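# Commentary on secondary and tertiary structure
As a plain string of letters, each chain reads:
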Amino acid sequence: MQGMTDTNRPKRGVPEGLWLKCPGPKCNATIFRKEAESRLNVCPECGHHFTISSQDRIQQLLDADTFEEWFTDVRPCDPLEFHDRIPYGKRLVDEQAKTGMLDAAVVGKGFIRGRPIVIGITDFAFMAGSMGLVVGEILTRAIAAATEMNLPLIIVSGSGGGARMQEGILSLMQMAKISQALARFGDAGGLYIAVLTNPTMGGVAASWALQGDITLAEPGALIGFAGKRTIWNTVRLELPEGFQTSEFLLKHGFIDRIVHRRDLRTELAVIIDYCER
Ligand SMILES: [Zn+2]
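Every value quoted in this text rests on a predicted model; they were computed, and no experiment measured them.

## Examining the coordination of the zinc ion
Note on the zinc ion: its protein donors are Cys22 (SG), Cys27 (SG), Cys43 (SG) and Cys46 (SG). The metal-donor distances range over 2.3 Å. Between the four donor atoms coordinating the zinc ion, the angles at the centre fall across 103 to 120°, so the site counts as tetrahedral. Of note, the zinc ion draws all its donor residues from one chain, in the sequence arrangement C-x4-C-x15-C-x2-C. Of the residues examined, Cys22 reaches a relative accessible area of 2% and is grouped as buried.

## Thoughts on the pairing of strand S7 (residues 192–196)
Most of S7 sits out of view: five of its five residues are buried. On S7, burial covers both faces: Tyr192, Ala194 and Leu196 on one face and Ile193 and Val195 on the other are all buried. Sheet analysis places strand S6 (residues 153–157) next to S7, joined by five bridges and oriented parallel. When the bridges of S7 are listed, Val156 appears paired with Val195. On the question of chirality, the crossover connecting S6 to the parallel S7 by way of helix H5 (residues 168–187) is right-handed.

## Remarks on the nonpolar core
One finds Ile119, Leu153, Ile154, Trp208 and Leu268 to be the most contacted residues of the largest nonpolar core, which totals 62 residues. Ranked by residues supplied to this core, first place goes to helix H4 (residues 133–149) with eight residues. Setting aside residues no more than four positions away along its own chain, Leu153 makes contact with Val118, Ile143, Ala146, Leu182, Phe185, Leu191, Tyr192 and Ile193. Within the second largest apolar cluster, seven residues are counted, among which are Leu20, Ile31, Ala36 and Phe50.

## Comments concerning the packing of helix H2 (residues 54–61) against helix H9 (residues 264–276)
Packing of H2 against H9 leaves a shortest axis separation of 8 Å and a crossing angle of 60°. On the basis of their axis angle, the class for H2 and H9 is oblique. Between H2 and H9, the contacting residues are Arg57, Gln60 and Leu61 on the first element and Leu264, Arg265 and Leu268 on the second. Split into classes, the residues belonging to the contact of H2 with H9 amount to three nonpolar, one polar and two charged.

Thresholds, definitions, all that
Residues numbered from 1 in each chain as written. Predicted model: local features only at pLDDT ≥ 70, side-chain atom pairs only at ≥ 80, totals over all residues. Heavy atoms only, no water. Donors = N, O, S within 2.8 Å, 3.2 Å for Na, K, Ca; no water. Tetrahedral: all angles 85-135°; square planar, octahedral: opposite > 155°, others 65-115°. Buried < 20%, exposed > 50% of the residue type's maximum accessible area, 1.4 Å probe, protein only. Helix = DSSP H or I, 4+ residues; strand = E, 2+ residues; numbered from the N terminus. Pairing = 2+ DSSP bridges. Right-handed = clockwise from strand over helix to strand, strands pointing away. Core = buried A, V, L, I, M, F, W, Y, C linked by side-chain atoms within 4.5 Å. Contact = heavy atoms within 4.5 Å. Axes fitted to C-alpha atoms, helices over the stretch in contact; angles between N-to-C directions. Parallel < 35°, antiparallel > 145°, perpendicular 65-115°, else oblique. Nonpolar A, V, L, I, M, F, W, Y, C, P; charged D, E, K, R; others polar.

In structure tokens, the structure reads:
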């Protein structure tokens, strides 16, 4: 397929330094970075799951050296010539330099315990994982490829930014575009497993992140549409404590299972076997 290449990018994600402060609620522990890293970036004290980069996610989930990245020729642009604090065009260049990514998602093919899959991952480090034209386009193409190749599809969300406001309506239309591709994938009998990680918000939560045949979430992830403050400002309603966490959503039927990061790879393999049989 055009634009499919292997890439080798520098590792990043959790900020540098010997020690980490755990942001987990009621934890606040200072932990040795190496200790957290040896546990897939999970706090040894409270089990808080740190946000990790898409590259780390690939390493954790896929069999070694099986990932083949697709559509690396799709680049972001600034169609609205949008300015907020800084011009969007400059922001893109800065984010690219910071992360080594072209935009906020990575898609491709790989293997999970020997099972071939198509995978998409959004990365919080690039503009909060927000979905603009590039994220929408490469996810849509990956879903179409999974449909054509008849492979299970896994999309891991780290999209706390929802739809990317700097691309206006063009980012919002990605919700419909991806949803259409997922509907075609579903009609063809494809298996889509959504993996929600901290945080998954806005237009991403309102489209592909919550359209999985099976929806998994990491513990304690923030998952929702609008934030607590926005809801309060709009409808003046105080919502229950922790109403946007994995645990609350599991209880209310929005997600199917909460899976600890160390078990995610095996869990995905088990689900694929169960559904493909
Ligand atoms: Zn902790």
